[in-house]
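What the coordinates show
Take a look at the letters that make up each chain.
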Amino acid sequence: MAIAALLRAHKIAPKKRFGQNFLADPHAARTIAEAATTPPGGTVLEIGPGLGALTRPLLERAARVVAIERDRDLVPILAGELSGAVASGALTIVEADALAVDWAEALSAGPRPHAIAGNLPYLITGKLLERAVGLADAVDRAVFMVQAEVADRLAALPDTEAYGALTVFVQAAFAVRKILAVKGGSFYPRPEVDSAVVLLVPHRPRRAAETEAFRAVVKSAFGARRKTLRNAWKGLFGWSREELEQRATEAGISLDARGETLGVEAFARLAESVRET
């Protein structure tokens, strides 16, 4: 049944407060499912399954799917539509806010490889990506549908307009690749912006350790994009101007540059100097 008809049959409507735009493009759903289950098998944690557009192709390829759905009105519909998979144990539906669930624990009971997938709600995309970064050492890949502008930021190269703190944090943990552009007409209701699918494959080891020092160095560098690093990092960690100059030189960084020109490893080198003191 089409999404609109299915919602009408159950007398419910998309909820704006949850940022609900249901995926209605089978090709996009298959692309995400294939990217999340290459090779086939393993366990996939799906964020926001909605009415199961992505869940169905995931079940065709994964050994087990754990689907986290926040909307209590959708959970019984999803369970009814996919009752066979629920009964067989191939699908577990968890009614909860994805940010309140221990993702590692949810994946732990299923076979590897472990993947995370989903059409991420715009309102909490940043928080969900932060959670994925924290879990990078425990998963084998992540595949997300995000707004096109966010996908551009995730995949950006240094010294480009889209490159920023989000880029650095995600690329410190994952190799990022955009694998599909998705127009607004692929969703119901139709959003005002286009989307894209990104594939995140964990670096082994990470390009940079996710430490408080690393976060502070990156956030300060991008706090005011027009500032040189000399000004952006003024007073960082209580360093004097002379100490900042010395540490930057040792890290191979020019303080006359701007944050968007630095690669992940440059930020990591300066952050490492904090740990060495």
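Our structure is the block above this text.
This section reports on the structure supplied with the text. (Residues numbered from 1 in each chain as written. Predicted model: local features only at pLDDT ≥ 70, side-chain atom pairs only at ≥ 80, totals over all residues. Heavy atoms only, no water.)

**Structural notes on the packing of aromatic side chains**
This is how it is decided: Stacked, edge-to-face and tilted labels apply to pairs of Phe, Tyr and Trp rings (six-membered ring for Trp) whose centres lie within 6.5 Å, assigned for plane angles under 30 degrees, over 60, and everything in between, in that order. Here a helix means four or more residues in a row that DSSP labels H or I, a strand means two or more in a row labelled E, and each is numbered from the N terminus. Burial here depends on accessible area, computed with a 1.4 Å probe over protein chains only, as a share of the maximum for the residue type. Under 20% is buried, over 50% is exposed, and the range in between is partly exposed.
Scanning all chains against the criterion turns up 4 aromatic pairs. When the centroid spacing of 5.9 Å and the interplanar angle of 40 degrees are considered together, the rings of Phe-222 and Phe-267 count as tilted. A residue pair is termed long-range when its members are at least 10 positions apart, and Phe-222 in helix α10 (residues 212–222) and Phe-267 in helix α13 (residues 264–275) qualify at 45 residues. On the basis of relative accessible area, Phe-222 is assigned to the buried category, the value being 11%. Accessibility expressed as a relative area gives 0% for Phe-267, which makes it buried.

**Some points on the sheet that holds strand β6 (residues 141–147)**
Selection rule: In this description, strands pair whenever DSSP reports at least two bridges between them. Comment: axis = line fitted to C-alpha atoms, over the contacting stretch for helices; angle = value between 0 and 180 degrees taken between N-to-C directions. The contact criterion used throughout is that any non-hydrogen atoms of two residues lie within 4.5 Å.
Strands sit in the order β4-β3-β2-β5-β6-β9-β7 across an open sheet of 7 strands; the sheet is mixed. In this open sheet, the two strands that pair with only one neighbour each are β4 (91–95) and β7 (174–182). Strand-to-strand, the axes of this sheet are offset by a mean angle of 20 degrees, without reference to chain direction. Where strand β2 (residues 43–47) meets strand β3 (residues 64–69), 5 bridges bridge the pair, whose relative direction is parallel. Its bridge partner lying in β3, Ile-47 is registered against Ile-68. Of the strands in this sheet, β2, β6 and β7 touch helix α7 (residues 125–134), which is tilted by about 165 degrees from β6.

**Digging into α7**
Convention followed: This arc corresponds to the set of directions leading from the helix axis out to the C-beta atoms.
Among the residues making up α7, those that are buried are Thr-125, Leu-128, Leu-129, Ala-132 and Val-133. Viewed along the axis of α7, the buried residues span an arc of 145 degrees, placing them on a single side of the element. Opposite the buried face of α7, at more than 90 degrees from it, the exposed residues are Lys-127, Glu-130 and Gly-134.

**Section: the pairing of β6**
Definition in use: The crossover handedness rule: strands pointing away from the viewer, path from first strand over the helix to second strand clockwise, crossover right-handed.
Among the 7 residues that make up β6, 6 are buried, leaving the element largely enclosed by the rest of the structure. Handedness of the strand β5 (residues 114–119)-α7-β6 crossover: right-handed. In terms of strand pairing, β6 meets strand β9 (residues 195–202) through 6 bridges, oriented antiparallel. Directly across from Val-146, in β9, lies its bridge partner Ala-196.

**With respect to the nonpolar core**
Note the cut-off: Among buried residues, those of type Ala, Val, Leu, Ile, Met, Phe, Trp, Tyr and Cys that are joined through side-chain atoms within 4.5 Å constitute a nonpolar core.
Membership of the largest hydrophobic core comes to 32 residues, with the highest contact counts inside it found for Ile-47, Trp-103, Ile-116, Phe-144 and Phe-174. In this structure, Phe-174 is in contact with Ala-132, Val-133, Ala-136, Val-139, Leu-200, Val-201, Pro-202 and His-203, ignoring residues within four places of it in sequence. Counting residues in hydrophobic clusters, the runner-up holds 30 residues, among them Ala-165, Val-168, Val-217 and Val-218.

**Regarding α10**
Buried residues of α10: Ala-213, Phe-214, Val-217, Val-218, Ala-221 and Phe-222, and no others. The arc that holds every buried residue of α10, seen down its axis, measures 150 degrees, which confines them to one face. For α10, the exposed residues lying more than 90 degrees away from the buried face are Glu-212 and Lys-219. For α10, the secondary structure elements touched by its buried residues are α9 (165–173), α11 (229–232) and α13.

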